[in-house]
Structure formats: C-alpha cells, structure tokens
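Residue-level structural notes
Residues per chain, in single letters:
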Amino acid sequence: LAKENKSNLYFVFLYGEYKYNENFPNNDKSYKKIKEILEKLNIPLINIHENVFLKQENPLFLFPFQQPGHYTIEGYQKVANEIHRFVNQK
C-alpha cells in the first residue's frame, strides 16, 4: 500500500514505562522477533528505546510522575525529534 501511494513505511518501536522499571523482568523476545520480521520485509525501524530512552539518565523521567501512562511533554518532544531526525536522514 505504501509503494502504491509512493509513501515510505516506518516502524516506530516504543516500550511502555514497565521496561524502565526495576520491578519488571527484562524480556526482549518480542522485540527480537519484531526486528527479524522488519529486516526480512525491509521496513526501517525507528528505535525510540535505543535512540531516546537509553540515552536518558532516568528514562522514567519521561513519564508523568514516573508512572505508567502517556509520556511527559518532554518525552513526546524527544520521541517526535527522533522520528523527525530519522525520517530526514533518508
């Protein structure tokens, strides 16, 4: 569909706050499977986890009150900036 419309398709990978909470197990089986599928289909991956959250001293700071839910204003801004950077480098 993207090719028919002369558009680019990107996959944006986001974890929820649970990934950055010490009380939750670190299980990346789903991520590895998603990455394999995207590589086979030649779909670019915008990895917000690696390019935004892991670069933060405290990734939970990007969630209101460091709790589950939506991102903070700064969190959304960082995500948007990374998507913009990625898309414009192509």
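If you're wondering where the values come from, they're calculated on a predicted model, not measured in any experiment. (Residues numbered from 1 in each chain as written. Predicted model: local features only at pLDDT ≥ 70, side-chain atom pairs only at ≥ 80, totals over all residues. Heavy atoms only, no water.)

**Let's talk about the packing of aromatic side chains**
Each aromatic ring pair is characterised by the separation of its centres together with the angle its planes make. What the rule picks out here adds up to six aromatic pairs. What links up through ring pairs into an aromatic cluster is the set Phe53, Phe63, Tyr71 and Tyr76. (Phe/Tyr/Trp six-rings, centres within 6.5 Å; stacked < 30°, edge-to-face > 60°.)

**So, the nonpolar core**
Counting ten residues, the largest nonpolar core is built from Ile46, Ile48, Val52, Phe53, Leu60, Leu62, Phe63, Tyr71, Val79 and Phe86. Apart from the residues within four sequence positions on either side, Val79 is in contact with Leu14, Ile48, Phe53 and Tyr71. (Core = buried A, V, L, I, M, F, W, Y, C linked by side-chain atoms within 4.5 Å. Buried < 20%, exposed > 50% of the residue type's maximum accessible area, 1.4 Å probe, protein only. Contact = heavy atoms within 4.5 Å.)

**What to know about the pattern of salt bridges**
One pass over the structure, following the stated rule, counts two salt bridges. Note that Lys78 and Glu74 form a salt bridge whose closest N and O atoms lie 3.8 Å from each other. Here Lys78 pairs with Glu74, and both are found in helix α3 (residues 73-89), just four residues apart, close to one helical turn. (Salt bridge = Lys/Arg side-chain N within 4 Å of Asp/Glu carboxyl O. Helix = DSSP H or I, 4+ residues; strand = E, 2+ residues; numbered from the N terminus.)

**Here we look at unusual backbone geometry**
Despite not being glycine, Lys6 shows a phi value in the positive range, around 50°. Inspection of the secondary structure puts Lys6 in the segment before β1 (11-13). Unlike most non-glycine residues, Asn42 shows phi in positive territory, near 60°. Note on Asn42: relative accessible area 68%, which makes it exposed.

**Points about helix α1 (residues 29-41)**
The end-to-end C-alpha distance of α1, which contains 13 residues, comes to 19 Å, matching closely the 18 Å that a straight helix rising 1.5 Å per residue would cover. With its phi angle positive at about 60°, Asn42 sits one or two positions after the end of α1. (Expected span 1.5 Å × (residues − 1).)

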